[in-house]
Amino acid sequence: MNSAAPPDEVRLDKWLWAARFFKTRRLAVEAINGGKIQVNGQRAKPGHGIRAGTRLSIHKDTFAWELDVLAVSNQRRPASEAVLLYREDESSVLRRQDLLRQRREAGPVDTTGERPTKRDRRQIQRFTSAD
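Here the structure is a predicted model, which is why all the values come from computation and not from measurement.

## Some words on the sheet that holds strand S5 (residues 55–60)
Two modes of strand pairing occur in sheets, parallel and antiparallel, and in both the strands are linked by backbone hydrogen bonds.
So, step 1. Strand order in the open sheet made by the five strands is S3-S2-S5-S6-S7, with antiparallel pairing throughout. Among the strands making up the open sheet, the edge pair consists of strand S3 (42–43) and strand S7 (86–88).
So, step 2. Contacting strand S6 (63–69) and S7, helix H4 (residues 90–106) runs over the sheet at an angle of about 160° to S6.

So, in structure tokens, the structure goes:
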């Protein structure tokens, strides 16, 4: 048996990690179990086998990818090689670019509604108690 031959099928969580959609396999498993990943329009388990020709729908934060698997890999390779594992739909690319453009135009996120940190509380106390 030739160990250098590419596999025909690989686990879903391993493929998502190898294709660089998630930094760790654990994060990929959590996304799969949370229903953020669909295989051919159906929810799947982390051990589900992925082959070339499989259709994936990936939702991560506010972004979404619709893609077809072109190849499978057991190893995490550089990003330039990882993009060769799949082909993304043109509509998916346009939606994501539009969302990025809208975020850029909206400007920085307002975080004034958050609780003060310990350092902030100390500064507030010093300011209010200073007479």
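From this point, the discussion proceeds with the structure in view.
## Details of the environment of Ser129
So, step 1. Of note, Ser129 is situated in helix H5 (residues 118–129).
So, step 2. Along the chain, Ser129 and Gln42 lie 87 residues apart, while their C-alpha atoms are 60 Å from each other.
So, step 3. There is a polar contact of 2.8 Å between the side chain of Ser129 and the backbone oxygen of Gln125.

## Here's the deal with unusual backbone geometry
So, step 1. Its identity is not glycine, yet Asn40 carries a phi of approximately 50°, on the positive side.
So, step 2. Mapped onto the elements of the fold, Asn40 is located in the loop between strand S2 (37–39) and S3.
So, step 3. A positive phi angle is found at Asp61, which is not glycine, with a value near 60°.
So, step 4. The topology assignment puts Asp61 in the loop between S5 and S6.
So, step 5. For Asp61, a relative accessible area of 72% translates into the label exposed.

## Some points on the pairing of S6
So, step 1. The element S6 is extensively covered by neighbouring structure, given that seven of its seven residues are classed as buried.
So, step 2. Here S6 shows two buried faces, one formed by Phe63, Trp65, Leu67 and Val69 and the other by Ala64, Glu66 and Asp68.
So, step 3. Pairing analysis gives six bridges linking S5 to S6, with the strands arranged antiparallel. Directly across from Ile58, in S6, lies its bridge partner Trp65.
So, step 4. Where S5 folds back onto S6 in an antiparallel hairpin, the turn is made up of two residues, including Asp61, whose phi is positive at roughly 60°.

Definitions and cut-offs
Residues numbered from 1 in each chain as written. Predicted model: local features only at pLDDT ≥ 70, side-chain atom pairs only at ≥ 80, totals over all residues. Heavy atoms only, no water. Pairing = 2+ DSSP bridges. Helix = DSSP H or I, 4+ residues; strand = E, 2+ residues; numbered from the N terminus. Contact = heavy atoms within 4.5 Å. Axes fitted to C-alpha atoms, helices over the stretch in contact; angles between N-to-C directions. Polar contact = N/O pair within 3.5 Å; in protein donor to acceptor, adjacent residues only side chain to side chain. Buried < 20%, exposed > 50% of the residue type's maximum accessible area, 1.4 Å probe, protein only.

Structural measurements only, silent on function.
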